[in-house]
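Summary of the model geometry
Here are the chains, one letter per residue:
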Amino acid sequence: MIDTLPRRRKKGPPPMSARLSMATREVLKRQGFADMHILRHWPEIVGRSLAELSAPEKLAFPRGRAPSDGRKRARPEGATLTVRIDGAAALEFQHLEPQIIQRINNYYGYGAVQRLKLVQGPLPMAPRKRRKSFRGLTAEEEQGLNAEVKAVENQQLRESLLNLGRLVMGTIKPRA
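Residues numbered from 1 in each chain as written. Predicted model: local features only at pLDDT ≥ 70, side-chain atom pairs only at ≥ 80, totals over all residues. Heavy atoms only, no water.

A separate point is the overall build of the protein chain. Regarding its fold elements, the protein chain presents seven helices and three strands. N-terminal to C-terminal, the α/β element order of the protein chain is α-α-α-α-β-β-α-β-α-α. Counting the 176 residues in the protein chain, one finds 24% classified as buried. In the protein chain, the proportion of contacts linking residues at least 24 apart, taken out of those at least 6 apart, comes to 65%. Per element, the accessible surface of the protein chain, about 14,300 Å² overall, is 53% carbon and sulfur. (Helix = DSSP H or I, 4+ residues; strand = E, 2+ residues; numbered from the N terminus. Buried < 20%, exposed > 50% of the residue type's maximum accessible area, 1.4 Å probe, protein only. Contact = heavy atoms within 4.5 Å. Areas by Shrake-Rupley, 256 points an atom, 1.4 Å probe, with all protein chains shown as cover.)

Right, here's the structure in full:
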């Protein structure tokens, strides 16, 4: 017997990336970014070392060439990218400007950016790295660790080795 009823799809919440993109669309559009692509891929475009010292801020197109000016223009060209630079790196960026523009345009496959406008100032704070959480050792693991360091005579060294052993063994998942 064939089931003639349509199957119901499980409908969950929309992906967080979709909500984030909807929430940031207007702010990014005012800054000239059609989407978050250049912001998300900045380290791949310019390299990790330069990306740590800079952040793209605004993409400005010449009059009549903006992607939202009503024309059906697939690839707006000749934009000026404003990049916020950490103080000491401005000279290096100024020196590397032709290579950076070339990297951006190679990444996109066309001449999207014509020049860089460098603005010195503090960068947004980088997100903090999460600290690892360690599990407690089982009684058997604690006994085995104590047996390993029992022969160490120096009390301070023994305590340090015990702490190190707890951290190392606490990162390994217990065997089931």
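By secondary structure assignment, the location of Q114 is in strand β3 (residues 113-120). As a C-alpha pair, Q114 and F61 span 53 residues in sequence and 9.5 Å in three-dimensional space. What Q114 contacts, discounting residues up to four positions off in sequence, is G78, A79 and I101.

The subject of this paragraph is the pairing of strand β2 (residues 79-85). Counting buried positions along β2 gives six out of seven residues, so the element sits mostly inside the fold. Where strand β1 (residues 54-60) meets β2, six bridges bridge the pair, whose relative direction is antiparallel. Across the sheet, the residue bridging to A55 is R84, located in β2. Across seven bridges, β2 lies against β3 in parallel orientation. Across the sheet, the residue bridging to T82 is K117, located in β3. (Pairing = 2+ DSSP bridges.)

Pairing is mixed across the open sheet formed by three strands, whose spatial order is β1-β2-β3. A single partner strand is all that each edge strand has here, and the edge strands are β1 and β3. Going across the sheet, the axis of each strand differs from the next one's by a mean of 25 degrees, ignoring polarity. In this fold helix α5 (residues 90-108) packs onto β1, β2 and β3, with an angle of close to 150 degrees to the strand it touches most, β3. (Axes fitted to C-alpha atoms, helices over the stretch in contact; angles between N-to-C directions.)

Before going further, it helps to examine a nonpolar patch on the surface. Together, L157, L161, L164 and V168 line one region of the surface with nonpolar side chains, adding up to about 330 Å² of accessible area. Along the chain, the position of L157 falls in helix α7 (residues 155-171). (Patch = residues over 30% accessible without salt bridge, like charges linked within 9 Å, V, L, I, M, F, W, Y side chains within 5 Å. Salt bridge = Lys/Arg side-chain N within 4 Å of Asp/Glu carboxyl O.)

Moving on: α5. The largest bend in α5 amounts to roughly 65 degrees and is located at L96, with the proline P98 lying one to four residues further along. Buried positions along α5 lie against α3 (42-46), α4 (48-51), β1, β2 and β3. In the stretch just after α5, G109 is the one whose phi turns positive, near 90 degrees. (Bend = angle between axes of the 7 residues up to and from the residue.)

Moving on, we come to the nonpolar core. If you look at the biggest cluster of nonpolar residues, it comprises 22 residues, and the most contacted ones within it are W42, L81, I104, V113 and L116. Among the secondary structure elements, those contributing two or more residues to this core are α3, α4, β2, α5 and β3. The greatest single-element share of this core, amounting to five residues, is contributed by α5. With residues up to four places along the chain from it excluded, the contact list for W42 reads G47, A51, S54, A55, P56, L81, V83 and I104. (Core = buried A, V, L, I, M, F, W, Y, C linked by side-chain atoms within 4.5 Å.)

Positionally, E141 belongs in helix α6 (residues 139-149). A distance of 3.0 Å separates a polar side-chain atom of E141 from the backbone nitrogen of T138. (Polar contact = N/O pair within 3.5 Å; in protein donor to acceptor, adjacent residues only side chain to side chain.)

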